[in-house]
Amino acid sequence: MDSQDTAATPRRAPGAPPDVRDPGHVPVARMVRGGIVEGVHHGSVVVLAADGSVEFQAGDIEAAFLPRSALKPIQAVGLLRAGLPPLDAASLALIAASHSGEERHLATARRMLHSAGLNEDALRNVPDLPYGPAARDTWLGRGLGPSRLAQNCSGKHAAMLMTAHARGWSLDTYLDPGHPLQWALAATVEDLTGQGIAHVTVDGCGAPLFSVSLHGLTRAMARLATAAPGTAEGRVADAMRDHPEMVAGEGRDVTRLMRAVPGLIAKDGFEGVQIAALPDGRAIGVKIADGADRARMPVAAAALERCGLDPRTLAVFATAPVVGGGEQIGSLRAAGAMVSPIPAYHGHA
């Protein structure tokens, strides 16, 4: 995908786009109920070493896939490159977020819009209820219905509007794939993933969604995690580290994981996508083939263990309980290629 000249940041020429094909996923997790395997989740996983090489892979990490909201940190970098006006770190973290719809999330998105002289009516994302269960219950208890501001992508959309306003671009058509804002974001995706975009479709919120490979997406996240402070990549990574509560929300596994592992940046995406990266460049990418969110974090925890993280720190993320009659009678955990062999822990951060 060719880009228009919308920012001055130097770009790497992207490699070839990944192939659009049926991915060769493999078993990566299983659910056991009362000693019987009740379900098996297939997927693909990549683990990158600090030097960027592939240390482990399972399934098909090179096929084109849809990153969904896991692409948001990369899009946040693209917005900075394209001229996003100055923001505090909490606001920058919200741009990279699938937020829960807590009041702090909504208040931050409102401030972003107001800074450009705009309000919620300017947003073009799809109205929805808050994503976080507690925030949604509170919202419904107040008798409120779906809202563009409450929808989990409103931070990204507010930043898109801010950038378009600052550049003098059309606000009404900011979601059009041919809009200069979206060309700028596509250029950043190609730059950081190191590959061309295979296909452009529409995400659930209405924004253009760029298809890359799981390997490319994970490589891009590693580039954010290792970036120098003050660069666009470094600013996004530092904002996520400093404000994990803005990237997801209280009780959400991504927020808890970033709090548990110092320096880690992590982002989930609908349909079973999870990426994470450490400051030295070690990184993981997970795609669950059937889109099951319940398998996403247990498989990601197994992948992070392959990065050398302490299994004791990851234990709370490594299993999901299977309940029968109000009691736990089984669990869902990583399986197949994800569990044998796993390198021994040697005290790495």
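Residues numbered from 1 in each chain as written. Predicted model: local features only at pLDDT ≥ 70, side-chain atom pairs only at ≥ 80, totals over all residues. Heavy atoms only, no water.

Trainee: How do you make sense of the overall build of the chain when you look at a structure like this?
Mentor: When you go through the chain residue by residue, the secondary structure sums to 12 helices and 11 strands. Across its three principal axes, the chain shows a C-alpha extent of roughly 60 × 50 × 35 Å. Across the 349 residues that make up the chain, the buried fraction comes to 54%. Contacts in the chain between residues far apart in sequence, at least 24 positions, make up 65% of those at least 6 positions apart. Here the chain holds 32 positive side-chain charges and 35 negative ones, and the gap between their average locations is 2 Å. (Helix = DSSP H or I, 4+ residues; strand = E, 2+ residues; numbered from the N terminus. Buried < 20%, exposed > 50% of the residue type's maximum accessible area, 1.4 Å probe, protein only. Contact = heavy atoms within 4.5 Å. Lys, Arg positive; Asp, Glu negative; His and termini not counted. Charge placed at Lys NZ, Arg CZ, Asp CG, Glu CD.)

Trainee: Just checking my understanding: could you explain the sheet that holds strand 5 (residues 199-202) for this structure?
Mentor: Sheets are built from strands that pair by backbone hydrogen bonding, the pairs being arranged parallel or antiparallel. Strand order across the open sheet formed by 3 strands is 4-6-5, with antiparallel pairing between neighbours. Strands with a single pairing partner mark the edges of an open sheet, and in this sheet they are strand 4 (64-65) and strand 5. Relative to strand 6 (residues 208-213), strand 5 is paired through 4 bridges, and the arrangement is antiparallel. Among the inter-strand pairings, Val200 is bridged to a residue of strand 6, identified as Phe210. (Pairing = 2+ DSSP bridges.)

Trainee: Sorry, what's going on with unusual backbone geometry here?
Mentor: With a phi angle near 50°, Arg68 is a residue other than glycine that sits in the positive phi range. Relative to the assigned elements, Arg68 resides in the loop between strand 4 and helix 1 (72-82). Given the relative accessible area of 18%, Arg68 is considered buried.

Trainee: Can you walk me through the pattern of salt bridges in this structure?
Mentor: Between side chains of opposite charge, a pair can form when the charged atoms approach closely. Following the criterion strictly, the structure yields 18 salt bridges and no others. Of the charged contacts in the structure, one is a salt bridge between Arg124 and Asp172, with a shortest N-O distance of 3.3 Å. With Arg124 in the loop between helix 3 (103-115) and helix 4 (133-141) and Asp172 in the loop between helix 5 (154-167) and helix 6 (180-193), this residue pair connects regions lying 48 residues apart in the sequence. Taking the relative accessible area as the measure of exposure, Asp172 reaches 58% and is therefore exposed. Among the charged side chains, a salt-bridge network with shared partners connects Glu102, Arg104, Glu250 and Arg259. (Salt bridge = Lys/Arg side-chain N within 4 Å of Asp/Glu carboxyl O.)

Distances and angles like these do not, on their own, reveal function.
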